[in-house]
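Structure assessment
Letter by letter, the chains look like this.
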Amino acid sequence: MKLGKRWLPAHVLVWTYAVLLVVPLYYFLASAFKSNDAIFDRPFAPPTSLGLHNFRTAFESADLGLAIVNSGLVTVFSLALTLLLAVPAAFALARSTGRTAGLIEKVFSLGFLIPTFAALFPTFLLAAATGLFHTRAFMVLFLPATALPLSVVILVQFMRTVPAEMEEAARLDGASTFAVLRHVYAPMCLPGIATVLLLNFLTFWNEYLYSLVIIGPDPAQRTVQVALPTLKSITGTDYGVLTAGTVLTLVPVWLVYTVLQKRMQQALVSGAVKM
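In every chain, residue numbers begin from 1 and rise along the written sequence. Since the coordinates come from a predicted model, pLDDT governs what is reported: local features require at least 70, and pairs of side-chain atoms require 80 or more to be given and counted, while whole-chain, interface and lining totals use all residues. Note that the side-chain values use all heavy atoms of the structure and ignore hydrogens as well as water.

**Considerations on the packing of aromatic side chains**
Inclusion rule: Whether two aromatic rings pair depends on their centres lying within 6.5 Å, for rings of Phe, Tyr and Trp, where Trp uses its six-membered ring; planes under 30 degrees apart make the pair stacked, over 60 edge-to-face, and the rest tilted. The way it works is that DSSP assigns letters per residue, a run of H or I at least four long becomes a helix, a run of E at least two long becomes a strand, and they are numbered from the N terminus. Burial status follows relative accessibility: with a 1.4 Å probe on protein chains alone, a residue under 20% of its type maximum counts as buried, one over 50% as exposed, and anything between as partly exposed.
Summed over all chains, the structure comprises nine aromatic pairs. Relative to Tyr 210, the ring of Phe 142 lies with its centre 4.6 Å away and its plane at 35°, an arrangement referred to as tilted. With a gap of 68 residues between them, Phe 142 in helix H8 (residues 136-159) and Tyr 210 in helix H12 (residues 209-215) connect regions that are remote in the sequence. A residue is classified by how much of its surface remains accessible, and Phe 142, at 13% relative accessible area, is buried.

The structure is reproduced here in structure tokens:
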């Protein structure tokens, strides 16, 4: 009983925070099935109908189907390139003990200091100079560059926890450097890799500024975050349609989070234990 009373304030804060999250989420989902009049007259009342009219209007008006495909292509290829570069880099830094390795790791950490807006104009010039302006290919090359600092720093910390004896045993069995990375380090660092995937997926999927400037508003190539604001100009102030379109763009995020959340929780727990 004493322990329960001591934890009572914590329980109150947790449940209060949960309510603060659930109420806006309920309002958001309920609005997707309402008209404008219903949203403003009875904002927290449940929808009278679960018809998909708003979703169809949003899907057709902004061509969200093609936009979701474009975002998916950019995100998947960017994630693949990020892992292809970050995992070997982190592997090399984690196994190195010299000053050069420490300096390179600090250089990666400096990537956190570059503001997003500061790189916009140089990136625009680079896209124009390479002939990749208004193409998705440039975003596939650019997004991994922005994700490498955080990805490498996270993966280095995980790979440093792999016992050296594991690599020595693999070497005695005749494993090459690539085999050690693939069969020893990668499986033991899956929580870290899942964390990198989830964080970068959210960043790549929700990226708006560079997609708007580099890819542009072309319906054939624009991403979902660029297509979504067009609903307001097309449908006026129909917030039900706008909300429905936003819900459609959140479905892939929910699916990816559902798949990777356990691995990310393992990463957080293991990190807490190491501390």
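**A short note on the layout of surface pockets**
Note the cut-off: Buriedness of a pocket was judged along seven lines, with at least five required to meet protein on both sides within 12 Å; pockets are open sets of points on a 1 Å grid over the protein atoms alone, cavities are sets where a 1.4 Å probe fits but cannot get out, and lining residues have an atom within 4 Å of a point. Grid points are joined across faces, edges and corners, and a volume is the space filled by probe spheres set on the points. Here the term charged refers only to Asp, Glu, Lys and Arg, the term nonpolar to Ala, Val, Leu, Ile, Met, Phe, Trp, Tyr, Cys and Pro, and the term polar to all other amino acids, Gly among them.
Quantified by volume, the largest pocket comes out at close to 620 Å³. If you trace the largest pocket, you find 22 residues lining it, with Ile 114, Thr 116, Ala 145, Thr 146 and Ala 147 closest to the centre. Within the residue set of the lining of the largest pocket, elements represented by two or more residues are H8, helix H11 (190-206) and H12. When residues in the lining of the largest pocket are grouped by element, the largest group, seven residues, is from H8. For the lining of the largest pocket, a count of residues per class yields 15 nonpolar, six polar and one charged. In terms of lining, the second largest pocket is formed by Leu 25, Phe 28, Leu 29, Val 247, Leu 250, Val 251, Val 253, Trp 254 and Tyr 257. Secondary structure elements with two or more residues in the lining of the second largest pocket: helix H2 (8-31) and helix H15 (239-274). Ranked by residues supplied to the lining of the second largest pocket, first place goes to H15 with six residues. Looking at the lining of the second largest pocket, its residues break down into nine nonpolar, no polar and no charged.

**Some remarks on the UniProt feature "transmembrane region" (unreviewed entry) in the protein chain**
Put simply, the rule reads: UniProt positions are given in the numbering used here, feature names are shortened, and annotations may be inferred rather than shown by experiment.
Mapped onto this numbering, the UniProt entry annotates "transmembrane region" (unreviewed entry) at residues 12-33, 73-95, 107-132, 138-159, 180-202 and 239-260. This span, residues 107-132, is 54% helix and 0% strand, and a straight line between its end C-alpha atoms measures 27 Å. The span residues 138-159 is 100% helix and 0% strand, and its two end C-alpha atoms sit 30 Å from each other.

**Some thoughts on empty space enclosed by the protein**
Tallied over the entire structure, the rule returns one cavity of 30 Å³ or more. The space that makes up the largest cavity amounts to roughly 40 Å³. Around the largest cavity sit Ser 71, Val 74, Leu 143, Phe 204, Trp 205, Glu 207, Ser 211 and Thr 223, which together line it. For the lining of the largest cavity, the secondary structure elements donating two or more residues are helix H5 (64-95) and H11.

**Comments concerning the side chain of Thr 75**
Rules: Contact between two residues is taken to exist if any of their heavy atoms lie within 4.5 Å; hydrogens are not considered.
By the element assignment, Thr 75 lies in helix H5. What makes Thr 75 buried here is its relative accessible area of 2%. In contact with Thr 75, not counting residues within four places along its chain, are Phe 201, Phe 204 and Trp 205.

**Topic: a nonpolar patch on the surface**
Rules: Residues enter patches when they are more than 30% accessible in relative terms and free of salt bridges; like-charged ones are connected within 9 Å and nonpolar ones (Val, Leu, Ile, Met, Phe, Trp, Tyr) within 5 Å. Each accessible area is a Shrake-Rupley estimate made with a 1.4 Å probe; only the visible protein chains count as cover when residues are assessed. Each reported salt bridge corresponds to a side-chain nitrogen of Lys or Arg within 4 Å of a carboxyl oxygen of Asp or Glu.
Side chains of Val 19, Val 23, Tyr 26, Tyr 27 and Phe 44 sit close together on the surface and give an oily, nonpolar patch of about 440 Å² of accessible area. Among the secondary structure elements, Tyr 26 is positioned in helix H2.

**Digging into the confidence of the model for the protein chain**
Should pLDDT be low for a region, the predicted coordinates there are not to be read in detail. Which entries qualify depends on this criterion: Per-residue confidence from the predictor is reported as pLDDT, which spans 0 to 100.
For the protein chain, mean pLDDT is 86; residues scoring 70 or higher make up 92% of the total. By mean pLDDT, the top-scoring element of the protein chain is H5 (94), and the lowest-scoring one is helix H1 (residues 2-6) (60).

**Overview of the side chain of Asn 36**
The test is simple: Whenever two N or O atoms come within 3.5 Å, that pair is a polar contact, provided that in protein one can donate a hydrogen and the other can accept it, and provided that, for residues adjacent in sequence, both atoms are side-chain atoms.
Tracing the sequence through the fold places Asn 36 in helix H3 (residues 36-41). Within the structure, the side chain of Asn 36 is placed 2.8 Å from the backbone nitrogen of Tyr 239, a separation counted as a polar contact.

**Quick word on the nonpolar core**
Rules: In this description, a nonpolar core means a group of buried Ala, Val, Leu, Ile, Met, Phe, Trp, Tyr and Cys residues linked to one another through side-chain atoms lying within 4.5 Å.
Of all hydrophobic cores here, the largest spans 25 residues; its most connected members are Leu 64, Met 139, Phe 142, Leu 143 and Leu 231. Only H5, helix H7 (120-130), H8, H11, H12, helix H13 (224-227) and H15 provide two or more residues apiece to this core. Considering each element in turn, this core owes the most residues, five residues, to H8. Setting aside residues no more than four positions away along its own chain, Leu 143 makes contact with Val 74, Ser 78, Phe 204 and Glu 207. Formed by 23 residues, the second largest nonpolar core is a distinct cluster that contains Phe 91, Ala 94, Val 180 and Tyr 185.

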